[in-house]
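Fold and geometry: a report
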Amino acid sequence: LLMPTTEFAPVPLTSASGNGESTAPRSSSSASTSARLLPYAHPPATSSDVLEVLGVLLLVPRVVAAIATVLIAALMCSVAAVGLPTPPPAPLMPPPLGGWRRLVVKCAIGYGARILLFCLGFVRIRVKGEPLAPRTKAAAIVSNHQTFLDVCLWAYLAEAPVSVSAKENLGIPVMAGIMKAAQCVFVDRDDPNSAANATKQLTAVLTNDGFPKIVVYPEGNTSNGKQLTQFKLGAFLPLMPVQPAVITYHTFGKRVNASWVEPLGMPITVVALRLLCQPFHTMDVQLLPVVYPPTTAGSNVSTTDAAREFAALVRDKMASASNLPTTEHNYTDTSLMLRAARRGVHDPSVFCVEAGKVRTELGPRVGSHAGLVAAAKAFIDANGGEPLDADSLWSSLSSCEAGSGSGETTPLLDASDKSWGWWGGTRGLERVGLSSPEVALRAFDQTHDGKVTFREFLHGVASL
């Protein structure tokens, strides 16, 4: 638990042309730095010393207090939910809690979250910048996302707000009841309709003053806090004012990084245990002025384009205030690395390709989530995730598939006698000028070293 971690550095991605996507564009000032950053790996931590070993003495009382706090909060939330009807299916939202129910949930979650942070060593929380805007001025708080501690922080500062959470978090023991009582909006990353449903639920919350404020993490994934990754548009599509905020963690002696990242970071249990073993920590919250959406009245600008502009504006303000670069990494990068790690790939970081940038440059045929997952599968199957030679490249091209946009898959390239697919029959590879493995290698090997990396593989497929 006390060993330092390693930081990986991905190889820069070369440029290519392609189609765009409906996500927040990247700040031009970050173009030179984004390729050097890997958001889903822990920065190096200092090694253990006597103070950290002695900190183990704090572990037992803190763990007992934290467990007791969570259980009491869960019990209070269960009481508040007694007699409530079954929530309607998405995209409908249940009516907001009111009266004594809301008071119980606010006390259970708000004060419980502060006690939990105290148990984890966060004795001091410093709030800087603007005051927290009233709901009538900005119903949504837009925050960066590094760790599970972000949720606890906003549960305390915003008094048990509505938040957006991944559906898989419902599987966390005890916490499911608390999240339901807080009326969280859940997103299923494997359901293509989930994002649209979540946007409708967000709009319902934002337009109904009976709900508390809502906290949104538009990055859609936790990172190590060294950059702002790509923003999803869901929180910005309603085109209503938001208040940006940036959280910064200062752990005792920098002996542990509070971020929770996968698969190149420490498990959440190890992060929590290392925090518990430190004497104290501090977190800073910088609240920025309310940001208003662009005006679309009387113009031909679509809602999606306006939301994209709005998201870019908010992210640029957050990046400027926190002095952080921006990148186009997103959950697809994490998904690719997790798949590679499960397949035993030696260095999963080679599959962290800044997926948002890839889609913009190479287009949705290769750069969509389904396309990248299929390309990664073919790449790993051919040579275990290592760079490809001529024969393994030929094998991977013959098996590569990508999403067709309808939830099905169609071959990108197919040289089998049974092919029917997009490249047109039994001579798919030959039809695009790849007559042999050696020809394919020359076409894909941009560095002329006799091997094809995953990035070269993606660019090669996109150029066909």
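Summarised in this report is the structure supplied together with it.

Rules used throughout
- Residues numbered from 1 in each chain as written.
- Predicted model: local features only at pLDDT ≥ 70, side-chain atom pairs only at ≥ 80, totals over all residues.
- Heavy atoms only, no water.
- Helix = DSSP H or I, 4+ residues; strand = E, 2+ residues; numbered from the N terminus.
- Contact = heavy atoms within 4.5 Å.
- Pairing = 2+ DSSP bridges.
- Axes fitted to C-alpha atoms, helices over the stretch in contact; angles between N-to-C directions.
- Buried < 20%, exposed > 50% of the residue type's maximum accessible area, 1.4 Å probe, protein only.
- Polar contact = N/O pair within 3.5 Å; in protein donor to acceptor, adjacent residues only side chain to side chain.
- Salt bridge = Lys/Arg side-chain N within 4 Å of Asp/Glu carboxyl O.
- Patch = residues over 30% accessible without salt bridge, like charges linked within 9 Å, V, L, I, M, F, W, Y side chains within 5 Å.
- Areas by Shrake-Rupley, 256 points an atom, 1.4 Å probe, with all protein chains shown as cover.
- Parallel < 35°, antiparallel > 145°, perpendicular 65-115°, else oblique.
- Nonpolar A, V, L, I, M, F, W, Y, C, P; charged D, E, K, R; others polar.
- Expected span 1.5 Å × (residues − 1).
- Core = buried A, V, L, I, M, F, W, Y, C linked by side-chain atoms within 4.5 Å.

Quick notes on the environment of L59
- Structurally, L59 is set in helix α3 (residues 59-80).
- Excluding residues within four positions of it along the chain, L59 makes contact with L273, L276 and C277.

Brief notes about the sheet that holds strand β7 (residues 281-287)
- Spatially, seven strands are ordered β1-β7-β6-β2-β5-β3-β4 in an open sheet, and the strand pairing comes out mixed. Among the strands making up the open sheet, the edge pair consists of β1 (122-129) and β4 (185-187). Between one strand and the next, the sheet's axes are offset by a mean angle of 25 degrees, whatever the strand orientation.
- Sheet topology places strand β2 (residues 140-143) next to strand β5 (residues 214-216); three bridges connect them, and they run parallel. Paired with I141 across the strands is V215, a residue of β5.
- Contacting β1, β2, β5, β6 (242-250) and β7, helix α5 (residues 149-157) runs over the sheet at an angle of about 125 degrees to β6.
- Of the strands in this sheet, β2, β3 (162-166), β4 and β5 are in contact with helix α7 (residues 194-206), which crosses β4 at around 165 degrees.

Describing the environment of S194
- Topologically, S194 is positioned in helix α7.
- Here S194 falls in the buried class, since its relative accessible area comes to 6%.
- The spatial distance from the C-alpha of S194 to the C-alpha of P91 is 8.6 Å, given a sequence separation of 103 residues.
- Once residues lying within four places of it in the same chain are set aside, the contact partners of S194 are F186, V187 and D188.

What about the side chain of N330?
- Counting through the fold element by element, N330 comes out in the loop between α9 (303-322) and α10 (331-342).
- A polar contact of 2.8 Å, which involves the side chain of N330, links it to the side chain of Q230.
- Apart from the residues within four sequence positions on either side, N330 is in contact with Y40, Q230, A355 and G356.

Some details on unusual backbone geometry
- The phi torsion at N323 lies on the positive side, around 60 degrees, for a residue other than glycine.
- Checked against the element boundaries, N323 lands in the loop between α9 and α10.
- Non-glycine residue H448 carries a positive phi angle of around 55 degrees.
- Checked against the element boundaries, H448 lands in the loop between α16 (437-444) and α17 (454-463).

Observations concerning the pattern of salt bridges
- Tallied over the full model, the rule gives seven salt bridges.
- For R308, the salt bridge goes to D305, with nearest N and O atoms at 2.6 Å. A residue pair is termed a helical-turn pair when its members lie 3 or 4 positions apart in one helix, as R308 and D305 do in helix α9 at three residues.
- For the salt bridge of D381 with K377, the shortest nitrogen-to-oxygen distance reads 3.0 Å.

Focus on a nonpolar patch on the surface
- A surface patch of nonpolar side chains, about 260 Å² in accessible area, is lined by I67, L71 and V174.
- Tracing the chain through its elements places I67 in helix α3.
- Judged by relative accessible area, which is 48%, I67 ranks as partly exposed.

Comments concerning the packing of α3 against helix α8 (residues 268-276)
- Orientation of α3 relative to α8, taken along the N-to-C sense of each, is 120 degrees, at an axis distance of 9 Å. Considered as vectors, α3 and α8 are oriented oblique to each other. Contact residues: L59, R62 and V63 in α3; L273, L275 and L276 in α8.
- Tallied by class, residues from the contact of α3 with α8 come to five nonpolar, no polar and one charged.

Comments concerning α9
- Given a rise of 1.5 Å per residue, 20 residues ought to cover 28 Å, and the 28 Å separating the end C-alpha atoms of α9 matches this to within 8%.
- Residues A306, A307, F310, A311, A312, V314, R315, M318, A319 and S322 constitute the buried set of α9.
- Considering only its buried residues, α9 is in contact with β2 and β6.
- Directly beyond the C-terminal end of α9, a positive phi value near 60 degrees is found at N323.

A few points about the nonpolar core
- Counting 47 residues, the largest nonpolar core has I109, F122, L149 and W154 as the members making the most contacts within it.
- For this core, the secondary structure elements donating two or more residues are α3, α4 (99-119), β1, α5, α6 (175-181), β6, α8 and β7.
- In terms of residue count, the dominant contributor to this core is α4 (eight residues).
- Look past the residues within four positions of W154 in its chain and what remains in contact with it is I141, S143, E159, P161, V215, Y217, A245, I247, V285 and L287.
- One finds V353, L434, F444 and L458 within the second-largest nonpolar core, a separate group that totals 35 residues.

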